Amino acid sequence: MDNSSPSAAQGPRITINDLPLDVLLVILRDAYAFRQATYGHSWDPSSRHWQDDRDPHHPSAECLASVCPEWRAAMSVVSVFWTKVIIWLGTWDPTPLSRIRQYLAWSRAQPLDIYVLRRREQTMEDRTERARIHAIMELLLPHMSRWAILHLHLLHSSSLPLPGVDLVGHAKGLRHLTLQSIRDDPVDDTDSTTPTAGDFDTPVLHKLRMCGARFRESYMKRFLGRRISPVLYSVNLTNYASHHAPFPLVDLVAFLLTCGNLKNGELTLDNLHLDISYSGPPLIAGPGYEWVDELQFANMSADVIAEYHRLCNADVARKVFYTRCTLPRGRSKPRFLADSYSIVLYEIEDPDTLIYLYRGASASDVEIYSCGGLNREVLQELARPSYHHGVVDWPLQHLETLWIRYCKNVCSADIRAFVQARFEAHAATQGAVDLISELRVAGCGRLARDDKKWLNKNVDLVEWS
């Protein structure tokens, strides 16, 4: 018999949706668990790679539920699928309010990780964003006691809900709070007519990320300096433009000093235009008080950075990052910076700024990463001492470990000359200038044979790639 004949008997077509519900759910659970284990721990909701909740790499249940109505119906009965709530904004395929209601209902009593996001390509003016956020928050607020993460990254800062005004209640399980935006909208800073509606209690908040204007409005003006959380160990403040009312740096530092757990945590100040007119004494009585573990300055003026260090009276962090920072133009150079164990200079394009930040700090471990301002002349300058009132001052006198990565304007001869100058200074000062014992270089061009030979002979550890 010819089995290829059209008349050949054929059985019914079986698909995965014909499986018993309990078996289908086992498969969906395993698929979801695999995606969570593979992508969930490293997921950055602001990353350009996360464009849609149906992306197969996206760690939300919607990726699976959107395959077909049968899968959505099956998954709706399992609450753990819906603990990560992804809400998209924008003119293209925003998450419907009806679907948000579904997520909240299907998650039942589970803790919630909530992300309200705008796709990167949708950064045009959006006059509806504020009203949309208001409608979304009306759905989310009754579930405040279940919030574990609340992450809003919007287009307009004016669309962000204000703690103590729009966010009121007891968020007993909230660990991470992010209220940030792409644009820092002008607001009427003199208007204080908006009343404080009540308390926003966050007793276990560990991480806070906010735009500067909303942070000041919420926590420093309305809450009158009251401590945010006794266990807060990470604060990231971004964008306080010059069009806002003056924001005294001394007030910010005084408030941050009340966050005692930052001693073991991290603080990031990014693109904040702060008032440094205060000329009083430091807020910390004496040097040697390291009150934050990791300190990051990004897109900040060096005079603001120097005043921050003065207010904190020297030793303020184990590790300090300087990213795209600049020297103020047309003014005298600010005072020297505070000491730390390690400093990282990242994307510094101005040679003078690089020299200032390098000379002004004191650390034994330095990383210079993607700095277009690093060149032969800068390395020559940094290898020489400066003189203040007859006192010799060597830059980074106790430098032992040096990393230089992806700095295209230096070659092995420049780096060798710098290390060799430190070597000679060590001999001339009877050891007052420490030797560089570890040198790691990547992305800075070819290592010449003679330079390799000298470095391998005089430096304990050399890595060049």
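Just so you know, these numbers come straight off a predicted model, no measurement behind them. (Residues numbered from 1 in each chain as written. Predicted model: local features only at pLDDT ≥ 70, side-chain atom pairs only at ≥ 80, totals over all residues. Heavy atoms only, no water.)

As a further point, take the packing of aromatic side chains. In total, this model carries 11 aromatic pairs according to the counting rule given. For the ring pair Trp82 and Tyr103, a centre distance of 5.4 Å and an interplane angle of 15 degrees mean the geometry is stacked. Linking Trp82 in the loop between α3 (69-75) and β1 (84-89) with Tyr103 in helix α4 (residues 97-106), this pair joins segments that are 21 residues apart in sequence. Seen in terms of ring centroids, Phe215 and Tyr219 are 5.8 Å apart; in terms of plane orientation they differ by 40 degrees. Their pairing is tilted. With Phe215 and Tyr219 both in helix α6 (residues 212-222) and four residues apart, the pair spans about one turn of that helix. On the basis of relative accessibility, which here comes to 1%, the residue Phe215 falls in the buried class. Three or more aromatic residues link up through ring pairs in this structure, and these residues are Trp82, Tyr103 and Trp106. (Phe/Tyr/Trp six-rings, centres within 6.5 Å; stacked < 30°, edge-to-face > 60°. Helix = DSSP H or I, 4+ residues; strand = E, 2+ residues; numbered from the N terminus. Buried < 20%, exposed > 50% of the residue type's maximum accessible area, 1.4 Å probe, protein only.)

Time to look at a nonpolar patch on the surface. Taken together, the side chains of Ile16, Leu19, Val23 and Ile27 make up a nonpolar region of the molecular surface, amounting to roughly 260 Å² of accessible area. Mapped onto the elements of the fold, Ile27 is located in helix α1 (residues 21-39). You can call Ile27 partly exposed: its relative accessible area is 36%. (Patch = residues over 30% accessible without salt bridge, like charges linked within 9 Å, V, L, I, M, F, W, Y side chains within 5 Å. Areas by Shrake-Rupley, 256 points an atom, 1.4 Å probe, with all protein chains shown as cover. Salt bridge = Lys/Arg side-chain N within 4 Å of Asp/Glu carboxyl O.)

With that out of the way, let us pick up the nonpolar core. Grouped together as the largest cluster of nonpolar side chains are 121 residues, with contacts concentrated most on Trp147, Phe215, Leu252, Phe297, Tyr322 and Leu374. Look past the residues within four positions of Trp147 in its chain and what remains in contact with it is Leu112, Ile114, Met137, Leu140, Leu141, Leu167, Gly173, Leu174 and Phe200. Of all hydrophobic cores here, the second largest spans five residues; its members include Ile86, Trp88, Tyr115 and Leu117. (Core = buried A, V, L, I, M, F, W, Y, C linked by side-chain atoms within 4.5 Å. Contact = heavy atoms within 4.5 Å.)

Let us now look at unusual backbone geometry. Located in the positive-phi region is Asn239, a residue other than glycine, with phi close to 70 degrees. Counting through the fold element by element, Asn239 comes out in strand β8 (residues 234-240). The exposure class of Asn239 is buried, given its relative accessible area of 15%.

Owing to its 3.6 residues per turn, the α-helix brings residues three or four apart onto one side. Here helix α12 (residues 449-458) has its buried residues at Asp451, Trp454 and Leu455. All buried residues of α12 fall inside an arc of 95 degrees around its axis, so they share one side. Residues Arg449, Lys453 and Lys457 are exposed on α12 and point more than 90 degrees away from its buried face. Of the surrounding secondary structure, the elements contacted by the buried residues of α12 are α11 (412-428), β17 (438-442) and β18 (461-464). (Arc of directions from axis to C-beta.)

As a further point, take helix α5 (residues 129-140). If you check α5, its first and last C-alpha atoms are 16 Å apart, about what 12 residues at 1.5 Å a residue would give, namely 16 Å. Among the residues of α5, Glu129, Ile133, Ile136, Met137, Leu139 and Leu140 are the ones counted as buried. Each buried residue of α5 lies within a common arc of 150 degrees when the element is viewed along its axis, so the set occupies one face. Those residues of α5 that are exposed and aimed more than 90 degrees away from the buried face are Ala131, His134 and Glu138. (Expected span 1.5 Å × (residues − 1).)

On to the pattern of salt bridges. Summed over all chains, the structure comprises 14 salt bridges. Notably, a salt bridge pairs Arg324 with Glu347, separated by 2.7 Å at the nearest N-O pair. Here Arg324 is found in the loop between β11 (317-323) and β12 (342-346), whereas its partner Glu347 is found in the loop between β12 and α9 (351-360), with 23 residues between them in sequence. For Asp414, the salt bridge identified is with Arg376, shortest N-O distance 2.7 Å. Of the two residues, Asp414 sits in helix α11 while Arg376 sits in helix α10 (residues 376-382), which places them 38 residues apart along the sequence. In this structure Arg376 comes out as partly exposed when scored by relative accessible area, which is 43%. Here the salt bridges do not stand alone but share partners, grouping Glu62, Arg72 and Arg99 into one network.

For the rest of this paragraph, the subject is the packing of α6 against helix α7 (residues 249-256). Helix-helix packing is characterised by the crossing angle of the two axes and by the distance between the axes. Relative orientation of the contacting elements α6 and α7 amounts to 60 degrees, with a least axis distance of 12 Å. Here α6 is positioned oblique relative to α7, judged by the angle of their axes. Considering only the axes of α6 and α7, their crossing is left-handed. Side by side, α6 and α7 meet where Phe215, Tyr219 and Met220 of the first sit next to Asp251, Leu252 and Phe255 of the second. Residues of the contact of α6 with α7, tallied by class, amount to five nonpolar, no polar and one charged. (Axes fitted to C-alpha atoms, helices over the stretch in contact; angles between N-to-C directions. Parallel < 35°, antiparallel > 145°, perpendicular 65-115°, else oblique. Left-handed = near helix turned anticlockwise from the far one by under 90°. Nonpolar A, V, L, I, M, F, W, Y, C, P; charged D, E, K, R; others polar.)

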